[in-house]
Amino acid sequence: MHITIKPPLETLYPRVTLQDGRALLCAHALLFSDIHLGSPDSHPEPFRQIMKKLWLQKHVVVGDLFNDPRTAKLRRDEWKFLRTLGEREEFAILNYPEVRDALQSAAGINASSPAEDGVDIITPGNHDYRSIYVAEHYLGHQVEMVHVWEHAGVRYLATHGHQYDSFCVNNQRTCHFASWIFPYLQRLDGPRRRVTRYLESQSGKWNHSVERIRTGITKLAVHHGAAVAFVGHTHIAEDTTVHGVRVVNVGSIKPVTDGSATFAIIDLQGKIHIHRYTVEDQA
């Protein structure tokens, strides 16, 4: 399996090599959304490999970690991903003097202890249902519908965004039926999922949810005094500014039409980077 990440992580984040030989890239936070564990189109292993390269002060799961409430149906690779997400060895790694020195030189921060707000967060999505509270217990992540925190003098906000999708809110039975039948359509769609991925990528445009979510998340950010708002739900990564608020949709870890997936990282200085990756199977 060969993973291509653009822009490359190594060009943006400081690297430290631990005494045991591991090399880690240091950043403040990893934000990702819509991995949909339990879906036939969920492929968490490549992203798990990416996560293992990073030292982070916090994870923020921006909703739809799961596809439905039946966690018993998760595959082995999906449980493996959850274990990696819950390991949380980053704080323990602060005991390594080379990590503390790298953070001090890279960002001028005292890394003798974790960040003041080093809590890992899950903001529930419309697919998470009761499963998210199982994850809260299993992972030790904190569940908040809206999460607000500060880093490097900037206030950030994260929420999944489905609450601003009026079609989903006003047509809950239709959306629940679509969520139920969609995995069966994916199984019929072949290994590349071209038709179902196209439908997913276009649904937010057809019902204008992209614009509604942008508007709703901007008002929410202003209410909380946040300069940057992170959102998911649409599976479409974007970075735009609305009425002075930077709105970052982190996209989806579940591959979209072109087979790529996206996530966002806030670096130690507070800069935001959206990364897109593709996976090639090597025979």
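Residues numbered from 1 in each chain as written. Predicted model: local features only at pLDDT ≥ 70, side-chain atom pairs only at ≥ 80, totals over all residues. Heavy atoms only, no water.

Attention now goes to the confidence of the model for the protein chain. Averaged over the protein chain, the pLDDT score is 80; the fraction of residues at 70 or greater is 70%. Mean pLDDT across the elements of the protein chain bottoms out in helix α3 (residues 90-93) (50) and peaks in strand β9 (residues 228-231) (98). Every residue in residues 112-116 is under pLDDT 50, and counting partners more than four places away or in other chains gives five contacts. (pLDDT = per-residue confidence, 0-100. Helix = DSSP H or I, 4+ residues; strand = E, 2+ residues; numbered from the N terminus. Contact = heavy atoms within 4.5 Å.)

The next point concerns the packing of helix α1 (residues 44-51) against helix α2 (residues 76-87). Direction vectors running N to C along α1 and α2 enclose 20°, while the axes themselves pass 9 Å from each other. Accordingly, the angle class assigned to the pair α1 and α2 is roughly parallel. Regarding α1 and α2, the two cross each other, and that crossing is left-handed. Judged by residue contacts, P44, E45, F47, R48 and M51 of α1 engage D77, E78, K80, F81, T84 and L85 from α2. Tallied by class, residues from the contact of α1 with α2 come to five nonpolar, one polar and five charged. (Axes fitted to C-alpha atoms, helices over the stretch in contact; angles between N-to-C directions. Parallel < 35°, antiparallel > 145°, perpendicular 65-115°, else oblique. Left-handed = near helix turned anticlockwise from the far one by under 90°. Nonpolar A, V, L, I, M, F, W, Y, C, P; charged D, E, K, R; others polar.)

Here we have five strands laid out as an open sheet, ordered β7-β8-β9-β11-β10, and mixed in their pairing. The sheet is open, and its two borders are formed by β7 (147-151) and β10 (238-242), each paired with just one other strand. With direction set aside, neighbouring strand axes in the sheet form an average angle of 25°. Contacting β7, β8 (154-158), β9, β10 and β11 (245-249), helix α9 (residues 209-224) crosses the sheet at an angle of about 130° to β11. (Pairing = 2+ DSSP bridges.)

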